[in-house]
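Read off the chains here:
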Amino acid sequence: MIVFWIFALLVATSAFAYGLLLMQWGFIGSFLFAVAALVVLRGLLSWVKRSLVLHERIGDEPTAAKRTLETNRYIFWRRATVIGVLALLYFGGAYVGFGMGFPEALVALVSLLGQALLLVVQLGALFLANFALFFGPFLLFARMGRETYRPGDANYDVKIGDVRGQKSAVAEMQRILRLIESGRSYTKAGGKRERGVLMVGPPGTGKTMLAKAIA
């Protein structure tokens, strides 16, 4: 964390000097530019950190509040970056290709969005009409012959201890379940979680029963 604050101080100082000396924005304008640079830097750091957590390169935050904050910050900056890149490409392309300034490009963008929305509505109506024409009878017959289930039908009432004759398989499954339950601690220690379990064996060896016990 100390390294981040040192780097943030360097970025803020560089941004302030850039705005004050090169761009001549004055003290207040340069200060606001430095604050904006710090905010963007913090957002990019959250993006990189969350990506490493999702790839299980580093451990997640220890508390639920920090995990929620980091996740929301990552989602916000991911969306803001995508929108910023699209806006930069559009306005830059409008200026380079057509010589349009920001106001003209903005007016053209509103017009383009209106036309695109109208086109989407028309295509959606045509798609729904074709779907209802071709697949409507199948959906109607499927609904007429559909079976209903009550809550609790999937409760098999099978426990791990009910599986007999496969001690090694049961022990291995219990180990995997413990790793799943304590996944954050295991990942934080440097391990990688199990991605899945493949049960192989002839009929009657207890694969289905063990799956029911896991469920």
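Quick notes on the rules
- Residues numbered from 1 in each chain as written.
- Predicted model: local features only at pLDDT ≥ 70, side-chain atom pairs only at ≥ 80, totals over all residues.
- Heavy atoms only, no water.
- Phe/Tyr/Trp six-rings, centres within 6.5 Å; stacked < 30°, edge-to-face > 60°.
- Helix = DSSP H or I, 4+ residues; strand = E, 2+ residues; numbered from the N terminus.
- Salt bridge = Lys/Arg side-chain N within 4 Å of Asp/Glu carboxyl O.
- Buried < 20%, exposed > 50% of the residue type's maximum accessible area, 1.4 Å probe, protein only.
- Core = buried A, V, L, I, M, F, W, Y, C linked by side-chain atoms within 4.5 Å.
- Contact = heavy atoms within 4.5 Å.
- Axes fitted to C-alpha atoms, helices over the stretch in contact; angles between N-to-C directions.
- Parallel < 35°, antiparallel > 145°, perpendicular 65-115°, else oblique.
- Left-handed = near helix turned anticlockwise from the far one by under 90°.
- 1 Å grid on protein atoms, 1.4 Å probe; cavity = no way out; pocket = protein on both sides within 12 Å on 5 of 7 lines; lining within 4 Å.
- Points joined across faces, edges and corners; volume = space filled by probe spheres on them.
- Nonpolar A, V, L, I, M, F, W, Y, C, P; charged D, E, K, R; others polar.
- Patch = residues over 30% accessible without salt bridge, like charges linked within 9 Å, V, L, I, M, F, W, Y side chains within 5 Å.
- Areas by Shrake-Rupley, 256 points an atom, 1.4 Å probe, with all protein chains shown as cover.

Colleague: Pulling in residues and values, what's your account of the packing of aromatic side chains?
Modeller: Taken as a whole and assessed by the stated rule, the structure comprises ten aromatic pairs. When the ring of F16 is compared with that of F27, the centres are 5.5 Å apart and the planes differ by 80°; the resulting orientation is edge-to-face. One end of the pair, F16, is in helix α1 (residues 2-22); the other, F27, is in helix α2 (residues 26-54), with eleven residues separating them in the sequence. Site record: aromatic cluster; members linked through ring pairs are Y18, W25 and F33.

Colleague: Describe in detail the pattern of salt bridges, supporting the description with residues and values.
Modeller: If you walk through the whole model with that rule in mind, you get three salt bridges. Notably, a salt bridge pairs R42 with E70, separated by 3.3 Å at the nearest N-O pair. Remark: E70 occurs in helix α3 (residues 64-98) and R42 occurs in helix α2; sequence separation between them is 28 residues. R42 sits in the partly exposed class, given a relative accessible area of 25%. Judged by its relative accessible area of 9%, E70 is buried. Linking R175 and E172 is a salt bridge whose minimum nitrogen-to-oxygen distance equals 2.5 Å. Here the residue R175 and the residue E172 both occupy positions in helix α5 (residues 167-181), the gap between them amounting to three residues, near one helical turn. Of the residues examined, R175 reaches a relative accessible area of 30% and is grouped as partly exposed.

Colleague: Let's hear about the nonpolar core: which residues, and what values?
Modeller: Taken as a class, soluble globular proteins show a tendency for nonpolar side chains to be buried jointly. In this structure, V158, I160, V163, V170, M173, L210 and A213 together form the largest nonpolar core, which totals seven residues. For this core, the elements supplying multiple residues, two or more each, are α5 and α7 (207-214). Contact partners of I160, with chain neighbours within four places excluded, come to V170, Q174, L177, L210 and A213.

Colleague: Lay out the packing of α2 against α3 with the relevant residues and their values.
Modeller: The N-to-C vectors of α2 and α3 enclose an angle of 115°; their axes lie 8 Å apart at closest approach. Taken together, the axes of α2 and α3 lie roughly perpendicular to each other. Relative to α3, α2 is oriented so that their crossing is left-handed. Taking contact as the criterion, the partners of V39, V40, R42, G43, S46, W47, K49, R50, S51 and L54 in α2 are, on α3, E70, T71, R73, Y74, W77, R78 and T81.

Colleague: How would you summarise the layout of surface pockets if you had to cite specific residues and measurements?
Modeller: Of the volumes computed, that of the largest pocket is approximately 210 Å³. If you go around the largest pocket, you meet 14 residues; those closest to its centre are Q166, A169, M199, K207 and L210. Secondary-structure elements contributing two or more residues to the lining of the largest pocket are α5 and α7. Looking at which element gives the most residues to the lining of the largest pocket, the answer is α5, with three residues. When its residues are assigned to classes, the lining of the largest pocket shows eight nonpolar, four polar and two charged.

Colleague: Can you break down empty space enclosed by the protein residue by residue, with the values?
Modeller: A probe matching the size of a water molecule, rolled over the atoms, marks out where space remains unfilled. Under the defined criterion, the tally for this structure stands at one cavity of 30 Å³ or more. Looking at the largest cavity, its volume works out to about 50 Å³. Every residue along the wall of the largest cavity is listed here: K49, R50, V53, G59, D60, E61 and E70. With three residues, the top contributor of residues to the lining of the largest cavity is α2.

Colleague: Describe in detail a nonpolar patch on the surface, supporting the description with residues and values.
Modeller: Together, F127, L128, F131, L133, F134, F135, F138 and L139 give the surface a local cluster of nonpolar side chains, amounting to about 930 Å² of exposed area. The residue L128 is located in helix α4 (residues 102-144) in this model. Judged by relative accessible area, L128 falls into the exposed class, the value being 56%.

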